[in-house]
Every structure is written in structure tokens, then in C-alpha cells.
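If you want the building blocks of each chain, they are given just below.
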Amino acid sequence: MYRQFELVFVHFEVNRRAFHEAYRLPPSRVAAIPHGNERLFEELRDPALTVAHLRSGLGLGLEDRVVLFLGTLSRYKGTELLLEAFARVRPREPRARLVLAGFPAADFDWPAHQALARRLGLEASVRYHPAYVDSSAVAAWMQMAAVAVFPYRAVYQSGALHVAQTFGVPIVAAAVGAMPEAIEDERSGLLVPPEDPEALAAALARVLADPALAARLGRQAREDALGRFSWEGVATVMLERYRRLLNEPTV
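Reading the values: rules and limits
Residues numbered from 1 in each chain as written. Predicted model: local features only at pLDDT ≥ 70, side-chain atom pairs only at ≥ 80, totals over all residues. Heavy atoms only, no water. Buried < 20%, exposed > 50% of the residue type's maximum accessible area, 1.4 Å probe, protein only. Helix = DSSP H or I, 4+ residues; strand = E, 2+ residues; numbered from the N terminus. Pairing = 2+ DSSP bridges. Right-handed = clockwise from strand over helix to strand, strands pointing away. Phe/Tyr/Trp six-rings, centres within 6.5 Å; stacked < 30°, edge-to-face > 60°. Core = buried A, V, L, I, M, F, W, Y, C linked by side-chain atoms within 4.5 Å. Axes fitted to C-alpha atoms, helices over the stretch in contact; angles between N-to-C directions. Parallel < 35°, antiparallel > 145°, perpendicular 65-115°, else oblique. Left-handed = near helix turned anticlockwise from the far one by under 90°. Contact = heavy atoms within 4.5 Å. Expected span 1.5 Å × (residues − 1). Arc of directions from axis to C-beta.

Within strand E4 (residues 96–101), 6 of the 6 residues are buried, which leaves the element mostly enclosed by the surrounding structure. Where burial is concerned, the two faces of E4 agree: the one with Ala96, Leu98 and Leu100 and the one with Arg97, Val99 and Ala101 are both buried. One ladder, built from 6 bridges, connects strand E3 (residues 65–70) with E4; its direction is parallel. Its bridge partner being in E4, Phe69 is matched across the sheet by Leu100. Once the chain exits E3 it traverses helix H4 (residues 79–89) before rejoining the sheet at E4, and the crossover so formed is right-handed. For E4 and strand E5 (residues 126–129), the ladder comprises 4 bridges, and the chain directions are parallel. Opposite Val99, over in E5, you have Arg127 as the bridge partner. Regarding topology, helix H5 (residues 110–119) serves as the crossover connection from E4 to the parallel E5, and that connection is right-handed.

For any two aromatic rings, the description comes down to two numbers: the centre-to-centre distance and the angle of the planes. Enumeration over the complete set of coordinates arrives at 9 aromatic pairs. Considering the side-chain rings of Phe150 and Tyr152, the 5.9 Å spacing of their centres and the 85° angle between planes classify their relative orientation as edge-to-face. We note that Phe150, like Tyr152, is buried. An aromatic cluster of at least three residues, connected via ring pairs, comprises Tyr2, Phe19 and Tyr23.

This part is about the nonpolar core. Judged by nonpolar contacts, the single largest core of 71 residues is most densely connected at Trp141, Met142, Phe150, Val172, Met179 and Leu204. Counting residues in hydrophobic clusters, the runner-up holds 5 residues, among them Val8, Val10, Leu25 and Val30.

Turning next to the pairing of strand E2 (residues 30–33). A regular strand places its side chains on the two faces of the sheet in alternate fashion. Across 4 bridges, strand E1 (residues 8–11) lies against E2 in parallel orientation. Paired with Phe9 across the strands is Ala31, a residue of E2. At this point the chain moves from E1, through helix H1 (residues 13–23), to the parallel E2, and the crossover so formed is right-handed.

Between H4 and helix H9 (residues 197–209), the least distance of the axes is 8 Å, while the angle of their chain directions is 55°. With respect to H9, the element H4 is oriented oblique. Crossing geometry of H4 relative to H9 is assigned as right-handed. Contacts between H4 and H9 involve Leu81, Leu82, Glu84, Ala85, Arg88 and Val89 from the first element and Pro197, Glu198, Leu200, Ala201, Leu204, Ala205 and Leu208 from the second.

Read from one edge of the open sheet, 6 strands run E5-E4-E3-E6-E7-E8, paired in parallel fashion. If you trace the sheet from one side to the other, it starts and ends with E5 and strand E8 (190–192), each paired once. This sheet shows a mean twist of 20° between the axes of neighbouring strands, independent of strand direction. Packing of helix H7 (residues 159–166) onto the sheet brings it into contact with E3, strand E6 (145–150) and strand E7 (171–174), and relative to E6 it is tilted by some 155°.

Here helix H10 (residues 211–226) spans 23 Å end to end across 16 residues, near enough to the 22 Å set by a 1.5 Å rise per residue. All buried positions along H10 are accounted for by Leu213, Ala214, Leu217, Gly218, Gln220, Ala221, Asp224 and Ala225. One side of H10 holds all its buried residues, which, seen down the axis, span an arc of 165°. For H10, exposure combined with an orientation more than 90 degrees from the buried face picks out Pro211 and Ala212. Residues of H10 that are buried sit in contact with H7, E8 and H9.

Listed below in C-alpha cells is the structure:
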């Protein structure tokens, strides 16, 4: 199917290379663009849904620091690793609470996940919202977060990551797929090795313990969302490639 197209766009350079390796199209026919920001969720915000409302529904106090995982719950996203990491964070940050919000995919073992939380002694400090988060509610969820976490085992790219960037939430993410292209380590977020609960815990604890670091990371993430990942920038790259294609003879 892909060979029927004169030009294919993929998100980020790492995925352009993977696509080329898989399908062996001529390099000139595959172009990389960034994933655009998620300002749409700012426009869709429900002003009646407040952070206080969310906290109340989750049984969270105003003093609780929320470590937020938002997105479809699936095995490849490494939430079991996140539980292991959070068990290391809690002794350092007693006010920290882990919130996992998203629809459980077919491969997500819900009973096993809850059993692991119990074995780690996290029943009182983990909150679950196992349901689709409506677009109008995303802004409030992001506003509630002290840090957004992406402990993925593997991924090509993450739309949820760009949601967190758009709302200026400090980010901790595993350095897989396009994450290192979307995040500059120590500048717009903290990157950790994949499947490393100890490193993940250390990064989360750093953000929770250092308000200046958290503010700096969130501010730069927001700037990147509005700059590097603006839809105007994406359109400019695509338009240039379209123009180049029209000026070239059909092969």
C-alpha cells in the first residue's frame, strides 16, 4: 500500500528510519514531521470541571502531590514498572499520590496490577480512574498534576506526552521511540532508561522535591509545544515537501 504514494509523512526522525527499514521505500519518499501540540484541549476545556472536583472524586487532599499517568492502560506503557518506582518515591515524598487514568486495553491485566499495588503497600497512595477521559476534562486532569509520567517499555511516539507539554506539566519519561526527540533531557523534561524503576523513581523524586526544577521543566515544555511543535511549523514542513514534489518529475 505504501508504495502507491509518492510521499509518506511519519512523526519524528527515529520513526522515519524505522519506517524505511520496514518498507524500503526510497528515502526521498518518506518525510519526518513533529507531532503537533495539543492546544485543542485548551479550547475544549469544561470550565465547570475544576481540579477541586477531580481531587474530591479521587479522594485526594489539597496537599497531595499528584504523579499522573494519563492515557490508555496497556502493557507496553509499563505501569507495573511505575508502581515499582512509586514504591521507592513514597518514603521520600509522603504527600505523593499516584493517579492512573485511562481506558484499560484488552492486554491490561487489571487484577494483577491491583495485586502488585497491594504487595508493594501502595493501596492508600494509588488512585485509579479506569475509564476514558473525556476531551473536555483533559485540561483539569493536567492542571491537577505535579508531574506527568510516561514509563513506556516501547513506543513510536506519544500524543499524551504532547498534551502534558502543551499544559506546561513537568515530564518524566522513558527514553524510547521518539521521546528523546520530543524531550530534551534536563531542559524540557527528564529522560530515564526504559524498564528501570530505580532511575524512574529518582527522576520523579527530583521533580517532586524541587519546585524550581519542576517550574523550569514545565515552562520549557510549554514553550516547545507552542514553538517547535506548533501546527504552523508542521504545516510549513509539509508545504515545503509538497512544493518540492510538484517540481520533481514523477518516478
